[in-house]
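Structural characterization, general
Residue strings, one per chain:
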Amino acid sequence: RSFKKYFMSTIIGITTLYITFGAAGYLSYGPETRDIITLNLPMGGGFNFAILVKSCLCVSLFFTYPIMLFPVFSILEKKLQISSAAMQAVFLRLVIVLLTGLIVVRVPNFGQLMALVG
């Protein structure tokens, strides 16, 4: 019972944050709001805040991507009966990362797809 209560409150909290952030973006930029909100940041002279935000997002992605893929690697290594210390595991991880990168590059309008899927 306790898990269900925490789960529901977490889902409600995250949904509220998404709605608030989306509404704030739309109120700030109106109908010209782009798919990726950081593309709306001004690229004016002097200190370029947009570059700083994009750089921080890249660093964040660099450190969180392995965390998101860890369950995938664990399941595949168990299914394929590969030791996680073996060279085969390193090759498997490399192939999966390259495959996800290829998907991002080759799928047109990937931002819209991610907006739909999450």
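Refer to the structure above for everything that follows.
Keep in mind that this is a model prediction, so the values were computed, not measured.

What counts as what
Residues numbered from 1 in each chain as written. Predicted model: local features only at pLDDT ≥ 70, side-chain atom pairs only at ≥ 80, totals over all residues. Heavy atoms only, no water. Helix = DSSP H or I, 4+ residues; strand = E, 2+ residues; numbered from the N terminus. Buried < 20%, exposed > 50% of the residue type's maximum accessible area, 1.4 Å probe, protein only. Contact = heavy atoms within 4.5 Å. Expected span 1.5 Å × (residues − 1).

With that settled, consider the side chain of Thr 38. Among the secondary structure elements, Thr 38 is positioned in the loop between α1 (2–29) and α2 (49–79). You can call Thr 38 buried: its relative accessible area is 12%. The residues contacting Thr 38, other than those within four sequence positions of it, are Val 53, Lys 54 and Leu 57.

Another point: α1. Working note: α-helix, 3.6 residues per turn, so residues spaced by three or four point in the same direction. Here α1 contains 28 residues, and its C-alpha end-to-end distance of 41 Å stays within 8% of the 40 Å for a straight helix at 1.5 Å per residue. Residue Gly 30 follows α1 closely and has a positive phi angle near 65°.

The next thing to look at is unusual backbone geometry. The phi dihedral of Gln 81 falls on the positive side, at around 55°, and the residue is not glycine. Its place among the elements puts Gln 81 in the loop between α2 and α3 (87–106).

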